[in-house]
Amino acid sequence: MIDLHTHILPSVDDGSAKLEYSLNLLAEAQEQGVTDLILTPHRRRKYRKSKEQLLEEFEAFCKGYT
C-alpha cells in the first residue's frame with residue numbers, strides 16, 4: 001500500500017513535532033502494510049521552510065530511521 005499524503009517529516013509543518021514521534025508513525029504505517037510514503041509538507045503561511053531546509057529535515061529523518 002502507498003500513502004500519498006503524509007505530514008510525517010518532523011518539525012516542518014502541522015504534522016509530527018519530533019523525530020521520535022515520526023519514527024513511531026513510520027513503524028505503525030509499516031505494520032499496517034504501507035510500503036511507500038509520499039512526504040507532503042506544507043509550504044504556506046507559517047510553514048515557509050526553504051527547499052534547502054526541507055532537504056536537511058528529510059536527510060535527518062532518513063538518518064534517524066536507519
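Quick caveat: nothing in here was measured; it's all calculated off a predicted structure.

On the surface, a nonpolar cluster with roughly 300 Å² of combined accessible area is contributed by I2, L4 and I38. When you line up the elements, I2 lands in strand β1 (residues 2–6).

Further remarks concern the pairing of β1. With three bridges connecting them, β1 and strand β2 (residues 36–39) associate as parallel partners. By the bridge assignment for β2, T6 is matched with L39.

Right, let's talk about the layout of surface pockets for a bit. The volume enclosed by the second largest pocket comes to roughly 150 Å³. Elements with a contribution of two residues or more to the lining of the second largest pocket: β1 and α1 (19–31). Residue contributions to the lining of the second largest pocket peak at three residues, all from α1. Each residue belonging to the lining of the second largest pocket can be placed in one class, and the counts come to five nonpolar, two polar and two charged.

Between the first and last C-alpha of α1 there are 18 Å, a value that for 13 residues agrees with the 18 Å anticipated at 1.5 Å per step. Listing the buried residues of α1 in full gives S22, L26 and A29. Axial view of α1: buried residues confined to an arc of 60 degrees, hence all on one face. Residues of α1 that are exposed and angled more than 90 degrees away from the buried face: E20 and E31. Two residues or fewer after α1 comes G33, characterised by a positive phi angle close to 95 degrees.

Tracing the chain through its elements places I8 in the loop between β1 and α1. For I8, a relative accessible area of 7% gives the class buried. Taking C-alpha positions, I8 is 13 Å from V34, a pair spaced 26 residues apart along the chain. Ignoring any residue separated from it by four or fewer positions in sequence, one finds I8 in contact with S16, S22, L25, L26, L37, L39 and F61.

Before going further, it helps to spend a moment on the side chain of S22. Inspection of the secondary structure assignment puts S22 in helix α1. At a separation of 2.5 Å, a polar atom in the side chain of S22 contacts the main-chain carbonyl oxygen of I8. Residues in contact with S22, not counting those within four places in the same chain, are I8, L9, P10, S16 and F61.

Rules used in this analysis
- Residues numbered from 1 in each chain as written.
- Predicted model: local features only at pLDDT ≥ 70, side-chain atom pairs only at ≥ 80, totals over all residues.
- Heavy atoms only, no water.
- Patch = residues over 30% accessible without salt bridge, like charges linked within 9 Å, V, L, I, M, F, W, Y side chains within 5 Å.
- Areas by Shrake-Rupley, 256 points an atom, 1.4 Å probe, with all protein chains shown as cover.
- Salt bridge = Lys/Arg side-chain N within 4 Å of Asp/Glu carboxyl O.
- Helix = DSSP H or I, 4+ residues; strand = E, 2+ residues; numbered from the N terminus.
- Pairing = 2+ DSSP bridges.
- 1 Å grid on protein atoms, 1.4 Å probe; cavity = no way out; pocket = protein on both sides within 12 Å on 5 of 7 lines; lining within 4 Å.
- Points joined across faces, edges and corners; volume = space filled by probe spheres on them.
- Nonpolar A, V, L, I, M, F, W, Y, C, P; charged D, E, K, R; others polar.
- Expected span 1.5 Å × (residues − 1).
- Buried < 20%, exposed > 50% of the residue type's maximum accessible area, 1.4 Å probe, protein only.
- Arc of directions from axis to C-beta.
- Contact = heavy atoms within 4.5 Å.
- Polar contact = N/O pair within 3.5 Å; in protein donor to acceptor, adjacent residues only side chain to side chain.

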